[in-house]
2 protein chains.
Amino acid sequence: MSRRHSHSHSTISSSAALRLAQLSSHLTPAVSSEQSSTMTKSKASAQAAHPLTLIPGPVEFTDEVLAAMATPSQSHVSPQFVEVFGDALALLRQLFFNTDKRAQTFAIAGAGTLGWDFVASNLIEPGEDALVLHTGYFADSLADCIATYGGKPTQLKAPIGDIVTLDAIETALKEKKFKVVTITHVDTSTGVLSDIKSIAALVRAVSPETLVIVDGVCSVGVEEIRFDDWDLDLVLTAPQKAIGVPAGLSIFIASGRALDVFRARKAPPTSYYASFAKWLPIMQNYEAKKPSYFSTPPVQNIHALLASLKQILAVPLADRFAAHARMSDRIKSTIASYGLKQVAVREGYQANGMTAVYLPDGVALPDLLPRIASRGIVLAGGLHKEIATKYFRIGHMGVSVTDEDREDFDKALGAIKESLAEAGYTV
Amino acid sequence: MSRRHSHSHSTISSSAALRLAQLSSHLTPAVSSEQSSTMTKSKASAQAAHPLTLIPGPVEFTDEVLAAMATPSQSHVSPQFVEVFGDALALLRQLFFNTDKRAQTFAIAGAGTLGWDFVASNLIEPGEDALVLHTGYFADSLADCIATYGGKPTQLKAPIGDIVTLDAIETALKEKKFKVVTITHVDTSTGVLSDIKSIAALVRAVSPETLVIVDGVCSVGVEEIRFDDWDLDLVLTAPQKAIGVPAGLSIFIASGRALDVFRARKAPPTSYYASFAKWLPIMQNYEAKKPSYFSTPPVQNIHALLASLKQILAVPLADRFAAHARMSDRIKSTIASYGLKQVAVREGYQANGMTAVYLPDGVALPDLLPRIASRGIVLAGGLHKEIATKYFRIGHMGVSVTDEDREDFDKALGAIKESLAEAGYTV
């Protein structure tokens, strides 16, 4: 997909270009002769050979995104950067199918986690109730965050690997008034995919004023999210997953309704850095191509965000989602053919950007992941506290999926199969 | 200075190298034929021609730092990245002359501003008093941050351009018990340099339990800060100033005393993302070269931090400070020879990394900065609310100072002189 997006400006001299890129290779970690045989060089990439990072974020990045990370210094209020930041905020809307301008996109130096602080300190006042739908590790953390700022989280927990049912949500919503409902769209610890469209519709029907908050850290860019049509209030995410940009940003979109709820707060926001009051005018100004200052934005990371959004939006999002679904199906069916089971148990509620896989009996993580790594493929261990040592995770998002020339998952699935065999498990 | 640090690992092929660097130039903002005559190409740099950013941050970056920003994807818990993050945290200590391991360095995705949230939500409990020494814009913001988390800031304000005197501080300290005293080492809105060594000694003498907090955003890397010797408790900074790394990190060091005060809190921290409880074990683990997870770190920004710290620490810090002081003296005396006055009025209390300069009568910012920009030099306007339209600012930190081959300030001072003349002010 990345190859369809072309750039037309070139001013650099080739000798200078060569020197910059040589420096790039100097600064990658030292590769010993033993390790170097495990490095994988993508056919089509200009990047130095490196182990393929196929975890649920950070994902592999395109050459264009990495080059944008190396943009020479720019003032954060220069016309050049204002243009880039404004364009990035505008293109972000498209990722959410958003056209309602009462909503606002945000991109702020930080991390996906910081998005929770924005929710908890701006949309929930001390003492107000929040319903937290729990499909894995990240709901515990989100509940912790809400409580930190004085909100009262009530968790509705699914069994590990399963979803919270609509019936359970409806019952909870009828018991008390919740200021917000939070949904982890894809819980990165389990690979469970929640049906945010149906949940949002249920909330609107049963408790119309309750704000619907989506943690889209492992879903934005790989799962369909129709922000306006589904009447969502805030979707937060991070760049290093399906958006395909290095970690370092908190990205989110807030609805007109959410911003009105914020404006009607009785108490001031309970965070300083994560305050809508501070950042909303900044984002509005940049999107209107006007410089503005609260705290220096991460210029290079924003350049990288714009570069990736241009690549992503160069093809219809439906095609992007379909490509990820096809790859996910292939990985999940291959894993099943090896006799392995997914953590996410319910058909139709399994993430399209990652797969969490239980280890076979008799094989421990230290028997498997190092063998896979020795083949140049980095996968992730478990994260859900109760089962952390019993499973591993594969991320399948971004350029590793959309650029089939890379053959990243041919390599990965081969490495998994060989490594299982070496560990004594016959596929 | 950067040239003294050499790297020895090279794995990239030259054709791939060339392609990556060409992409880099593609992704810099479009340069029109009109603009291109204003682009400045450093003799020794491999970067695409671009306007020189000589503002009080972001500063110009070295080729090595930009190349590190383009490091291919790495898992945040991979042995390779753990090594890099651990080394960066260890080298950060050297920047503060810190050897006392009860202190801890932190580098977290965010911004300089986020450091204030760390101070206000971890070291000050709701209702506790903070003495905020005010030498410009940033003290107002810091006081706002402290109040957000329930602390009670008392500002001690200097006249614009001047320092808060030791007498005034002593009087204030004797009036009530302050949990913390905050000092803006260099206020970027005025260029006033505070004497943190003497202030810290005074605090220890008069109110030994009061924590001494330094906002070193525009000072760390250019002004001497002896964290252990001067008995400081927390110094926070940002990467895009004298550390010479793109914006996107909150960097700080906290003393053993500060961490003990945190551990003895009665109330839990009032921020989630900016919580010592969350991040302290993460930083300790990475520095001990053990992977650890709370929130995904910004892998590429940390690579860039390590690259820059290696360059900075390749020469004695005293030499670095002296080089900055010489350049600062040169710029300040040249400005004076033009008949212009500094905002920072008191000799010996003027920043070594920036100069804030009042405009001459009859010349407004829009008469001057665009003319300077047309010569390929980006300077900054005013920031202090009360005088914002009356002055401009020059940043002189990092590679533009230490690499004399670049001749950045020959160009900048020439551009200022010519532009003043064009605007009708005869030097």
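With that settled, the discussion passes to the overall build of chain A. Along chain A, the regular secondary structure elements total 15 helices and 13 strands. Burial analysis of chain A (427 residues in total) assigns 66% to the buried set. Across chain A, every contact between residues at least 6 apart in sequence was considered, and the portion connecting residues at least 24 apart equals 72%. Counting only carbon and sulfur atoms, one obtains 51% of the accessible surface of chain A, whose full area is about 14100 Å².

A few words now on the packing of aromatic side chains. When we look at a pair of aromatic rings, we describe it by the centre distance and by the angle of the planes. Using the criterion set out here, one finds 36 aromatic pairs over all chains in the structure. Seen in terms of ring centroids, phenylalanine 81 of chain B and tyrosine 286 of chain B are 6.1 Å apart; in terms of plane orientation they differ by 70 degrees. Their pairing is edge-to-face. Residue phenylalanine 81 of chain B is located in helix H4 (residues 79-95), and its partner tyrosine 286 of chain B is located in helix H10 (residues 276-287); the two are separated by 205 residues in the primary sequence. With relative accessibility at 0%, the residue phenylalanine 81 of chain B sits in the buried group. Seen from their ring centres, phenylalanine 106 of chain B and phenylalanine 252 of chain B are 4.4 Å apart, and the 15 degrees between their planes marks the pair as stacked. Highlighted residues: phenylalanine 106 of chain B in strand E2 (residues 104-109) and phenylalanine 252 of chain B in strand E10 (residues 249-254), separated in sequence by 146 residues. When its relative accessible area of 0% is taken as the criterion, phenylalanine 106 of chain B is described as buried. Aromatic ring contacts, followed pair by pair, group Trp116, Tyr137 and Phe138 of chain A together with Tyr272, Tyr273, Trp279 and Phe294 of chain B into a single cluster. Here arginine 226 of chain B stacks its cationic end above the ring of phenylalanine 97 of chain B, 3.9 Å away from the centre of that ring.

Bringing the environment of glutamate 407 of chain A into the picture now. Examined against the element boundaries, glutamate 407 of chain A turns out to sit in the loop between helix H14 (399-402) and helix H15 (408-422). By relative accessible area, which is 33% here, glutamate 407 of chain A ends up partly exposed.

Glancing now at the layout of surface pockets. Size it by volume and the second largest pocket reaches roughly 1000 Å³. Lining the second largest pocket are 48 residues, with Leu379 and Ala380 of chain A together with Ser75, Val77 and Ser78 of chain B sitting closest to its centre. Of all elements in the fold, only helix H2 (33-36), helix H5 (112-122), helix H6 (137-148), helix H13 (365-373) and strand E12 (377-378) of chain A together with H4 of chain B reach the threshold of two or more residues within the lining of the second largest pocket. Tallied by class, residues from the lining of the second largest pocket come to 24 nonpolar, 18 polar and six charged.

Now for H6 of chain A. Residues and elements named next belong to chain A. For H6, spanning twelve residues, the distance from its first C-alpha to its last is 17 Å, which sits close to the expected 16 Å at 1.5 Å a residue. Those residues of H6 lying buried are Tyr137, Phe138, Ala139, Ser141, Leu142, Ala143, Cys145 and Ile146. Packing partners of the buried residues in H6 comprise H5, strand E3 (129-134), strand E4 (152-157), strand E5 (180-184) and strand E6 (186-187). Two residues or fewer past H6, glycine 150 is found with a positive phi of approximately 95 degrees.

What follows concerns the environment of glycine 248 of chain B. Within the element layout of this structure, glycine 248 of chain B appears in the loop between strand E9 (234-237) and E10. Here the alpha-carbon distance between glycine 248 of chain B and isoleucine 160 of chain B, two residues 88 residues apart in the chain, equals 30 Å. Every residue in contact with glycine 248 of chain B, bar those within four places of it in the chain, is listed here: Ala109 and Pro298 of chain A together with Ile108, Ala109, Gly110, Pro239 and Asn301 of chain B.

Right, let's talk about helix H7 (residues 166-175) of chain A for a bit. Structural remark: α-helix, 3.6 residues per turn; residues separated by three or four positions point the same way. All names here are of chain A. Residues of H7 that are buried include every one of Ile169, Ala172 and Leu173, and no others. Buried residues of H7, viewed axially, fall in a sector of 100 degrees; they line one side. Across H7 from its buried face, at more than 90 degrees, point the exposed residues Asp167, Lys174 and Glu175. Along its buried surface, H7 packs onto E3, E4, E5 and helix H8 (196-206).

Attention now goes to the sheet that holds strand E2 (residues 104-109) of chain A. Residue and element names in this part refer to chain A. Taken together, the seven strands give an open sheet; going across it, the order is E2-E10-E9-E8-E5-E3-E4, and neighbouring strands pair in mixed fashion. Unpaired on one side and paired on the other, E2 and E4 mark the two borders of the sheet. Going across the sheet, the axis of each strand differs from the next one's by a mean of 20 degrees, ignoring polarity. Sheet topology places E5 next to strand E8 (residues 211-215); five bridges connect them, and they run parallel. Residue pairing for E8: threonine 182 is matched across the bridge by isoleucine 213. Across the face of the sheet, helix H10 (residues 276-287) comes into contact with E2, strand E9 (234-237) and strand E10 (249-254) while running at roughly 110 degrees to E2.

The next thing to look at is the pattern of salt bridges. A side chain with one charge may pair with a side chain of the opposite charge, provided their charged atoms come close. All names here are of chain A. Under the defined criterion, the tally for this structure stands at 47 salt bridges over all chains. For the salt bridge of lysine 179 with glutamate 128, the shortest nitrogen-to-oxygen distance reads 2.6 Å. One end of the pair, lysine 179, is in the loop between H7 and E5; the other, glutamate 128, is in the loop between H5 and E3, and 51 residues separate them in sequence. The class of lysine 179 is buried, set by a relative accessible area of 18%. When its relative accessible area of 22% is taken as the criterion, glutamate 128 is described as partly exposed. For aspartate 410, the salt bridge identified is with arginine 330, shortest N-O distance 2.7 Å. On the criterion of sequence distance, the pair formed by aspartate 410 in helix H15 and arginine 330 in helix H12 (residues 317-337) is long-range, its members being 80 residues apart. Exposure remark for arginine 330: the relative accessible area of 33% places this residue in the partly exposed category. The network of salt bridges with common partners includes Glu60, Arg406, Asp408 and Lys411.

Parameters and conventions
- The residue numbering used here restarts from 1 in each chain and proceeds along that chain's sequence as written.
- Ligands are numbered from 1 and chains lettered from A, in the order in which they are written.
- Reporting of local features is limited, given that this is a predicted model, to residues whose pLDDT is at least 70; pairs of side-chain atoms are given and counted only at 80 or more, and all residues count toward the totals for whole chains, interfaces and linings.
- For the side-chain quantities, the full set of heavy atoms in the structure was used; hydrogens and water were omitted.
- The secondary structure listing takes helices from DSSP runs of H or I that are at least 4 residues long and strands from runs of E that are at least 2 residues long, numbered from the N terminus.
- Buried means the residue's accessible area, taken with a 1.4 Å probe over protein chains only, is under 20% of the maximum for its type, while exposed means over 50%, and partly exposed covers the values in between.
- Contact definition: two residues touch when any of their heavy atoms are within 4.5 Å.
- Where accessible areas are quoted, they stem from the Shrake-Rupley method and a 1.4 Å probe; at the residue level, only the protein chains shown are allowed to cover.
- Stacked, edge-to-face and tilted labels apply to pairs of Phe, Tyr and Trp rings (six-membered ring for Trp) whose centres lie within 6.5 Å, assigned for plane angles under 30 degrees, over 60, and everything in between, in that order.
- Put simply, a charge is over a ring when the Lys NZ or the Arg CZ is close to the ring centre, within 6 Å, and near the line of the ring normal, within 35 degrees.
- Residues are said to line a cavity or pocket when one of their atoms sits within 4 Å of a point; the points come from a 1 Å grid over protein atoms alone, cavities being sets where a 1.4 Å probe fits but cannot get out and pockets being open sets with protein on both sides within 12 Å along at least five of seven lines.
- Grid points are joined across faces, edges and corners, and a volume is the space filled by probe spheres set on the points.
- In this classification, Asp, Glu, Lys and Arg are treated as charged, Ala, Val, Leu, Ile, Met, Phe, Trp, Tyr, Cys and Pro as nonpolar, and every other residue, Gly included, as polar.
- A helix is expected to span 1.5 Å for every residue after the first.
- Our arc is simply the arc of the directions from the helix axis toward the C-beta atoms.
- DSSP-based pairing: two strands are paired if at least 2 bridges between them are found.
- To get an axis, a line is fitted to the C-alpha atoms, and for a helix only the part in contact is used. The angle between two axes follows their N-to-C directions and goes from 0 to 180 degrees.
- Think of a salt bridge as a Lys or Arg side-chain nitrogen and an Asp or Glu carboxyl oxygen that are within 4 Å of each other.

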